[in-house]
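For reference, the chains in residue letters:
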Amino acid sequence: MEKWSLMTITVLLALTVRWTVSLGSYSGAGKPPMYGDYEAQRHWQEVTYNLPIRQWYFNTSDNNLLYWGLDYPPLTAYHSFVCAYIAKLINPDWIALHTSRGYESQPHKLFMRTTVFVADLLVYIPAVILYCFSLKETSTKKKASICALCILLYPGLILIDHGHFQYPLSLGFALWGVLYLSYDWDLLGSVAFCLALNYKQMELYHSLPFFCYLLGKCFKKGLKGKGLVLLTKIAGTVVVCFAVCWLPFCTDMEQIMQVLRRLFPIDRGLFEACMFSSPPPRLANIWCSLSVLIKIKNIVSPQTQLKLSFAVTFLSLLPTCIKLTVQPSLRGFKFALVSCALSFFLFSFQVHEKSILLVSIPVCLIINEIPFMATWFLLVSTFSMLPLLLKDGLLLAYAVTMLAFLSACVASFSIFEKTSAEDLQLKPFSLSLKGHVSWFKSFPKIVRSLFLLSVTLMGILSLVSAAVHPPQRLPDLFPVSVSIISCLHFLLFLVYFNVVILWDSKNSRSQKKIS
């Protein structure tokens, strides 16, 4: 009973923070003609409720795709329809075809915020709670609550979902997938991840770890026996899930192709997502950071950009995926989710600044294993979205939630005491360097100093971005600085996570249990 009392207090605190943030501004508030993501979600409700399914993804006189046209998979559309049905019962004006465009009012804001709040409460938060209880390292009630508190107070997700405006469903479904796999419920895990992928196509960031982990389990069980049976069941489950989700669009091939064109608009080029921000670039990936020095867009054709992006992303993913397939383990799977998602964010095609959340949530899953590095990464990931958050008027919420999260992690995990090579999961790597790198003995002190330098730099740049006008000749100075500094952090984190994965001796022991 006490266990659930502690967790209840944790959840109530997390919900209070979320609702408090939701009282503030949102994306595009009072900014016609396009407004922002808040209006995009409202517009999808308008479209899905008033138009037949066959028109949802097509450009028509009633559905101008240039005005927030639907560009997410079918589950997002179905969810929009459900929200629209409820909205219709409360106030039909909220989703009236054409006339509701740009609709803003306090009652409507309350309704929209509530839909996010309910989605969080029904899908994401329960997954976090059950995940924390499932961890062996958090077997005591206090440790499980502490872990849940730090995950639920992660500022990046709170600010984007309940501030900027976005639904946490795809990340929630993916988390359910991880939870099911941790219990060896592979078919339920496959279903949950299929739901995530059919809600947002960006869940492809997590697809290779799911695929490699399950394939590796099948190999270990033997593809001439139980492994083949499991592989067949998983394949059948995935096919059925996709068939059910896409059934209304399977009336003809043109419907399917149009949906796919909306989901993957490759003709827009490598920097299309960077251009959503004004002025660009404000994205902390390698291509937008490099474009400050080298105008890739002007010297490389869109098709070559696509090939280059694919090649670099694939090569950065390959070592982790091979290791996970050969030595499947739950621990390796969670670290692979981080590494692969970060590779996608840094090197893949048409990335949005909010996509860093696809890396951050897997990092939250390993915060109990590497609290120091996880806390550092989660702070940087939120900082990387600073230009977007300032644009949405969320400076106060950003400052308070960042400080609250850092305080919670320091108090809960004593992160500054966990900077040794062993605490950072680098002991196997350090042993391989023994005798070659003399400074490794002072590694904890170096890491702590770098962390404090990093946090100080982020704090100063956050303050300057909010309070100081940039030079007239360099109007993008602060957003670009945030992007480049964040990108450099992410590159170092990518190296770190790959070192942990590739030198991890625990995987080889734990994968024996699977076989």
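Here the residue numbering is sequential within each chain, running from 1 through the sequence in written order. Owing to the predicted nature of the model, reporting of local features is limited to residues with pLDDT of at least 70; listing and counting of side-chain atom pairs is limited to 80 or more, with chain, interface and lining totals taken over all residues. Each side-chain value is worked out from all heavy atoms of the structure, with water and hydrogens disregarded.

1. Structural notes on the overall build of the protein chain
Here is step 1: Only DSSP runs of H or I with at least four residues qualify as helices, and only runs of E with at least two residues qualify as strands; both kinds are numbered from the N terminus onward. The secondary structure content of the protein chain amounts to 22 helices and zero strands.
Here is step 2: Over its C-alpha atoms the protein chain spans a radius of gyration of 23 Å, differing by no more than 12% from the 24 Å that the globule rule assigns to 515 residues.
Here is step 3: Dimensions of the protein chain along its principal axes, counting C-alpha atoms only, are 70 × 65 × 60 Å.
Here is step 4: Partitioning the contacts of the protein chain with sequence separation of at least 6, the portion at a separation of at least 24 is 78%.
Here is step 5: Counting every atom, the protein chain has about 22400 Å² of accessible surface; 69% of that belongs to carbon and sulfur. Here the radius of gyration uses the C-alpha set of atoms, whereas the globule reference equals 2.2 Å times the residue count to the power 0.38. Two residues form a contact once any of their heavy atoms are found within 4.5 Å. Here the accessible surface of atoms and residues is derived via Shrake-Rupley with a 1.4 Å probe, and residues count as covered only by protein chains that are part of the display.

2. A word on the pattern of salt bridges
Here is step 1: We count a salt bridge whenever a side-chain nitrogen from Lys or Arg sits within 4 Å of a carboxyl oxygen from Asp or Glu. Using the criterion set out here, one finds 10 salt bridges in the structure.
Here is step 2: A salt bridge links R42 to E39; its shortest N-O distance comes to 2.8 Å. With R42 and E39 both in helix α2 (residues 37–50) and three residues apart, the pair spans about one turn of that helix.
Here is step 3: The partner of D186 in a salt bridge is K217, with the nearest N and O atoms 3.1 Å apart. In this pair, D186 is assigned in helix α8 (residues 186–199) and K217 in helix α9 (residues 207–246), connecting sequence segments 31 residues apart. In this pair, the class of D186 matches that of K217, namely buried.
Here is step 4: When salt bridges that share partners are traced, they join R331, K334, E369 and D504 into one network. Buried, partly exposed and exposed residues are distinguished by accessible area as a fraction of the type maximum, computed with a 1.4 Å probe on protein chains only: under 20%, between the cut-offs, and over 50%, respectively.

3. Comments concerning unusual backbone geometry
Here is step 1: Cis peptide bonds are those with omega within 30 degrees of zero, and the linkage from P32 to P33 qualifies with 5°.
Here is step 2: Despite not being glycine, H98 has its phi angle at roughly 75°, a positive value.
Here is step 3: The residue H98 is located in the loop between α3 (74–90) and α4 (106–134) in this model.
Here is step 4: Residue classification places H98 among the partly exposed residues on the basis of a relative accessible area of 41%.
Here is step 5: Look at S414: it is not a glycine, yet its phi comes out positive at around 50°.
Here is step 6: Turning to its location among the elements, S414 is positioned in the loop between α18 (395–413) and α19 (427–433).
Here is step 7: A relative accessible area of 30% means that S414 is categorised as partly exposed.

4. Details of the packing of helix α20 (residues 443–467) against helix α21 (residues 477–502)
Here is step 1: At a minimum axis distance of 10 Å, the contact between α20 and α21 shows a crossing angle of 160°. With respect to α21, the element α20 is oriented roughly antiparallel. Crossing of α20 over α21 shows left-handed handedness. Residues S454, L457, L461, V464 and S465 of α20 form the contact with α21, whose own contacting residues are F478, S481, V482, I485 and H489.
Here is step 2: Think of it as three bins: nonpolar holds Ala, Val, Leu, Ile, Met, Phe, Trp, Tyr, Cys and Pro, charged holds Asp, Glu, Lys and Arg, and polar takes everything else, Gly as well. Its residues assigned to classes, the contact of α20 with α21 comprises six nonpolar, four polar and no charged. Inter-axis angles, ranging from 0 to 180 degrees, are taken between N-to-C directions of lines fitted to C-alpha atoms, where helices are fitted over the stretch in contact. Roughly parallel refers to an angle under 35 degrees, roughly antiparallel to one over 145, roughly perpendicular to one between 65 and 115, and oblique to any angle outside these ranges. By convention, the crossing between two helices is left-handed when the near helix turns anticlockwise from the far helix through less than a right angle, and right-handed when the turn is clockwise.

5. What about the nonpolar core?
Here is step 1: Grouping buried Ala, Val, Leu, Ile, Met, Phe, Trp, Tyr and Cys residues that are joined through side-chain atoms within 4.5 Å yields what is termed a nonpolar core. If you look at the biggest cluster of nonpolar residues, it comprises 155 residues, and the most contacted ones within it are F345, F377, F490 and F497.
Here is step 2: A per-element tally of this core places α4 first, with 13 residues.
Here is step 3: Not counting residues up to four positions away in its chain, the partners in contact with F490 are A284, L342, F345, L346, I356, F377, V380, S381 and S384.

6. A look at a nonpolar patch on the surface
Here is step 1: Patches draw on residues past 30% relative accessible area with no salt bridge. Two like charges within 9 Å are joined, as are two nonpolar side chains (Val, Leu, Ile, Met, Phe, Trp, Tyr) within 5 Å. Taken together, the side chains of L290, V292, L293, I294, I299, I484 and L488 present a nonpolar region at the surface, about 640 Å² in accessible area.
Here is step 2: Within the secondary structure, V292 sits in the loop between α11 (286–290) and α12 (296–299).
Here is step 3: We classify V292 as partly exposed; its relative accessible area is 32%.

7. Here's the deal with the packing of aromatic side chains
Here is step 1: Side-chain rings of Phe, Tyr and Trp, where Trp is taken by its six-membered ring, are said to pair if the distance between their centres is within 6.5 Å; with planes under 30 degrees apart they count as stacked, over 60 as edge-to-face, and otherwise as tilted. If you walk through the whole model with that rule in mind, you get 33 aromatic pairs.
Here is step 2: With a centroid separation of 5.7 Å and 35° between ring planes, the pair formed by W176 and Y180 is classed as tilted. Here the residue W176 and the residue Y180 both occupy positions in helix α7 (residues 169–182), the gap between them amounting to four residues, near one helical turn.
Here is step 3: Given the relative accessible area of 18%, W176 is considered buried.
Here is step 4: Three or more aromatic residues link up through ring pairs in this structure, and these residues are F345, F372, W376, F377, F416, F451, F490, F493, Y496 and F497.
Here is step 5: The criterion for a charge sitting over a ring is simple: Lys NZ or Arg CZ within 6 Å of the ring centre, and within 35 degrees of the ring normal. Positioned above the aromatic ring of Y67, the side-chain terminus of R101 is 3.8 Å from the ring centre.

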